[in-house]
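# Inside the fold
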Amino acid sequence: MASQDTVYTLHYFPFSLYSIMARFGFEIAASLGPETSPKYQLKLVNLHEDEEVSEAYLTEVNSKGQVPALTSPSLPAPITDSRDISEWLCHQQPLLVPSEHRQTIERLIDALYSFHAMAVSVPEQDRIHGVPNTAAAMLERSDISEKHRRALEMKSVFHDTNHCRTLEPDNIEQAEALCRAFTSSLEEILTAGERSESQRWLLDGPTIIDAHAVPMISRLLERERTDLVPASVAAYAKGVMKSKEWQRTTHGRGTVFIGSRYGHVRDLQPL
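Residues numbered from 1 in each chain as written. Predicted model: local features only at pLDDT ≥ 70, side-chain atom pairs only at ≥ 80, totals over all residues. Heavy atoms only, no water.

The name given to the chain in an unreviewed UniProt entry is GST N-terminal domain-containing protein, and the organism recorded there is Sarocladium strictum.

### Digging into the UniProt feature "domain: GST N-terminal" (unreviewed entry) in the chain
Mapped onto the present numbering, the UniProt feature "domain: GST N-terminal" (unreviewed entry) falls at residues 6-97. Helix makes up 36% of residues 6-97 and strand 16%. Its end C-alpha atoms lie 23 Å apart. (UniProt positions renumbered as here; feature names shortened; annotations may be inferred. Helix = DSSP H or I, 4+ residues; strand = E, 2+ residues; numbered from the N terminus.)

### A short note on the nonpolar core
Burial of nonpolar side chains together is a common tendency in soluble globular proteins. With 56 residues, the main nonpolar core has Leu 70 and Met 216 as its most contacted residues. Those elements that place two or more of their residues in this core are strand S1 (7-12), helix H1 (17-32), helix H3 (82-92), helix H4 (102-112), helix H5 (117-121), helix H8 (169-190), helix H9 (208-222) and helix H10 (231-240). When residues of this core are assigned to their parent elements, the largest contribution, nine residues, is made by H1. Core analysis: the next-biggest nonpolar cluster, separate from the first, contains 10 residues, Phe 13, Phe 15, Val 45 and Tyr 57 among them. (Core = buried A, V, L, I, M, F, W, Y, C linked by side-chain atoms within 4.5 Å. Buried < 20%, exposed > 50% of the residue type's maximum accessible area, 1.4 Å probe, protein only.)

### Brief notes about the environment of Phe 257
By secondary structure assignment, the location of Phe 257 is in the loop between helix H11 (244-250) and helix H12 (259-262). Between the C-alpha atom of Phe 257 and that of Ser 16, which follows or precedes it by 241 residues, the distance is 9.1 Å. Those residues within four positions of Phe 257 in sequence are excluded, and the remaining contacts are Phe 15, His 48, Tyr 262, Gly 263 and Val 265. (Contact = heavy atoms within 4.5 Å.)

### Here's the deal with the pattern of salt bridges
Taken as a whole, this structure holds 12 salt bridges when the rule is applied. Close ionic contact of Glu 168 with Arg 165 constitutes a salt bridge, the shortest N to O distance being 2.9 Å. (Salt bridge = Lys/Arg side-chain N within 4 Å of Asp/Glu carboxyl O.)

Written out as structure tokens, the structure is:
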């Protein structure tokens, strides 16, 4: 278990879906037991200013150049994937995975991570150029250090290996099918029996699956992908989005950045 004197740093962008999942997990963990949950602070990694491919971030935090990441002197190494952060968090706060629901939660987490959110949430008009390789573009510069250049080369290879086909039609079709399977599984749980009006969470109370499912559903609804979201699943997500845990995570903001509404990310208060 984490020492209660330790404060972990969540490297975070407020409109990164997987960052939101990680932060929401911390907030739910705290609501289940603040005295036993790890304390955390946020550090903005401004994707709009390419901070995820800065020399310091690539060499000291996450060589994959992604958010979220979790760091602390008490960790042997940074945790650089949202799913890994959640698994670590569940070890610190076991109430996030009640034993009677463990198999269901693990099955749903597997289903959610079987596809990438970009493939089902990027608008059609924005798919034509694929996922930009920011690291490759920066390698054209002559004013970067050799250390930074090596880190950018590693990041560029990671990008091409994992994201170069994300927005291609066949991958989108497959991701949509997997997404429908995931939301159908949520629907089965939500419609399996009587639910009281006060039953906000997917299971008996808040768990780690809510921390993942609700941001995903929120993003799909904001992108008007109602074809992927059954009505009962949309209602569930909207109910959870009224919770104090969600409000502490998003401060009333959506998961999609809208410049005319939010201004510069670096100026957001609170983050």
